[in-house]
Amino acid sequence: MLIPSYMRNKILIFGATGMLGQRCYEYFAKKLGYSVLLSSTEPGFYNPTANYIQCDATKKDEVKKIISGFSPDYIINAAAFTNVDRSETEREIAWKLNVNAVEYMAEGARNCDAHLIHISSDYIFDGVKGQYSENDKPNPLGYYGRTKLAGENALKISNALFTILRTNVLYGVITQGRLDFVRWVVESIRKGEKIRIVTDQINNPTFLDDLVRAIGQVIEFGKFGIYNIGGREFLSRYDFTMRICDFFNLDKSMVTAITTPELNQPAKRPLNSGLVTLKAETEFGYSPTAIEETFRLMKDESGL
Ligand SMILES: NC(=O)c1ccc[n+]([C@@H]2O[C@H](COP(=O)([O-])OP(=O)(O)OC[C@H]3O[C@@H](n4cnc5c(N)ncnc54)[C@H](OP(=O)(O)O)[C@@H]3O)[C@@H](O)[C@H]2O)c1
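What counts as what
- Residues numbered from 1 in each chain as written.
- Predicted model: local features only at pLDDT ≥ 70, side-chain atom pairs only at ≥ 80, totals over all residues.
- Heavy atoms only, no water.
- Helix = DSSP H or I, 4+ residues; strand = E, 2+ residues; numbered from the N terminus.
- Rg over C-alpha atoms; globule rule 2.2 N^0.38 Å.
- Buried < 20%, exposed > 50% of the residue type's maximum accessible area, 1.4 Å probe, protein only.
- Areas by Shrake-Rupley, 256 points an atom, 1.4 Å probe, with all protein chains shown as cover.
- Lys, Arg positive; Asp, Glu negative; His and termini not counted.
- Charge placed at Lys NZ, Arg CZ, Asp CG, Glu CD.
- Pairing = 2+ DSSP bridges.
- Axes fitted to C-alpha atoms, helices over the stretch in contact; angles between N-to-C directions.
- Contact = heavy atoms within 4.5 Å.
- Near = heavy atom within 4 Å.
- Polar contact = N/O pair within 3.5 Å; in protein donor to acceptor, adjacent residues only side chain to side chain.
- Nonpolar A, V, L, I, M, F, W, Y, C, P; charged D, E, K, R; others polar.
- Right-handed = clockwise from strand over helix to strand, strands pointing away.

A.B. asks: Could you give an account of the overall build of the protein chain, with specific residues and numbers?
C.D. replies: When helices and strands are counted, the protein chain shows ten helices and 13 strands. Here the protein chain has a C-alpha radius of gyration of 19 Å; the compact-globule value for 304 residues is 19 Å, and the two agree. Taking all 304 residues of the protein chain together, the buried fraction comes to 54%. Carbon together with sulfur atoms contributes 50% to the accessible area of the protein chain, which is approximately 13400 Å² in total. Computed over 36 positive and 36 negative side-chain charges, the inter-centroid distance for the protein chain is 2 Å.

In structure tokens form, the structure reads like this:
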């Protein structure tokens, strides 16, 4: 029997130390007061008082143990092997984390009637058409994209209760770990470092907190299936960088416009990408924040 949503408040977050995982903790545990269990491979979490368990999601027995031990109502999978270039050579770990771990989570979710919310990527597409909807045909160019598509397909045949949120170019305030794109641009130029930015990769960059709120709406309205979550505007990475420079009063001459081949990256990138968010907007009121407003929020919260 499905427990009524007002009584369902236990959330297990995999990948809690990552960019998305951290914001989910700030929102669901600290802001909304859900009973949240955090996990990742790190020995600890930046907030030592948080409910955190070390767990390697590529280990089936560890995933089974943490899910059956907590019996969550919701599982947010923010864990992934996200290094697109390393995925080309470290294929085994990319597959284990982006596919096998999802299979283990789905099995655990099925056993305790949990709703599994999984995050996927625009990199399942080849970047020819652009502005993809949920019904467009995937055609991943690189191994990372192949593993993300395989993770989606594993969920579709799992008989678990699931929602897949496809997203692209995540940015926003994070407490620890690697820099998001906005902070990297701002800090590089302020340090006097010249940066080279591509003009031919088109996306609708996604504010992390918009994605986190969308997860909250999926939970609140009990939405299942596939949804795109992205920003309001489709623009090139170079144009996005120019907007960052304008807002943070940065010297634009420090930015060199280049094209993707000049970056000579090991993994191919979908050039004309981005995700249309109409379905999420109409089905659960998803409303992405305006770009400059996201910059203001980042500045206010992190002093950027
Ligand atoms: N970032 C983007 O621009 C972007 C774009 C499209 C889609 N996505 C998708 O959005 C989701 C979140 O991405 P993100 O950028 O927040 O990721 P991230 O910052 O790279 O974090 C990945 C998380 O996975 C954890 N992890 C790594 N190996 C693990 C293992 N063996 N067992 C358990 N956890 C493990 C990492 O923590 P430890 O190393 O501490 O274990 C970290 O917490 C992913 O599904 C990603 O594919 C991201």
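A.B. asks: I'd like a rundown of the pairing of strand S11 (residues 225-229), residues and numbers included.
C.D. replies: The buried fraction of S11 is high, at four of five residues. One ladder, built from five bridges, connects strand S6 (residues 161-167) with S11; its direction is parallel. When the bridges of S11 are listed, Leu165 appears paired with Tyr227.

A.B. asks: Describe the sheet that holds strand S5 (residues 115-121), with residues and values.
C.D. replies: Read across the open sheet, the seven strands follow the order S3-S2-S1-S4-S5-S6-S11; overall the sheet is parallel. Looking at the sheet topology across the chains shown, the edges are occupied by strand S3 (52-54) and S11. When strand polarity is set aside, the average angle formed by the axes of neighbouring strands in this sheet is 20°. In this structure, strand S1 (residues 10-14) lies alongside strand S2 (residues 35-40), joined through five bridges in parallel fashion. Residue pairing across strands places Ile11 opposite Val36, the latter belonging to S2. Contacts between helix H3 (residues 91-111) and the sheet are confined to S1, strand S4 (74-77) and S5, with S5 contributing the most and set at about 160° to the helix.

A.B. asks: I'd like a description of the site of the ligand, backed by residues and values.
C.D. replies: Looking at the ligand, there are 27 residues lining it, with Thr41, Glu42, Thr82, Tyr144 and Arg178 nearest. Ala57 is positioned such that a nitrogen or oxygen atom in its backbone is 2.9 Å from a nitrogen atom of the ligand. A distance of 2.7 Å separates an oxygen atom of the ligand from a polar atom in the side chain of Thr82. Contact with the protein chains hides 85% of the accessible area of the ligand, taken as 890 Å² for the molecule alone. Taken together, the elements giving at least two residues each to the shell around the ligand come down to helix H1 (19-31), S5 and helix H4 (143-156). Top contributing element to the shell around the ligand by residue count: S5, with three residues. Tallied by class, the residues present in the shell around the ligand amount to twelve nonpolar, eleven polar and four charged.

A.B. asks: For the pairing of S6, give the residues involved together with the corresponding values.
C.D. replies: Judged by how many residues are buried, S6 sits mostly within the fold: six of seven residues are covered. Viewed along the sheet, the connection from S5 through H4 into S6 turns out right-handed.

Distances and angles like these do not, on their own, reveal function.
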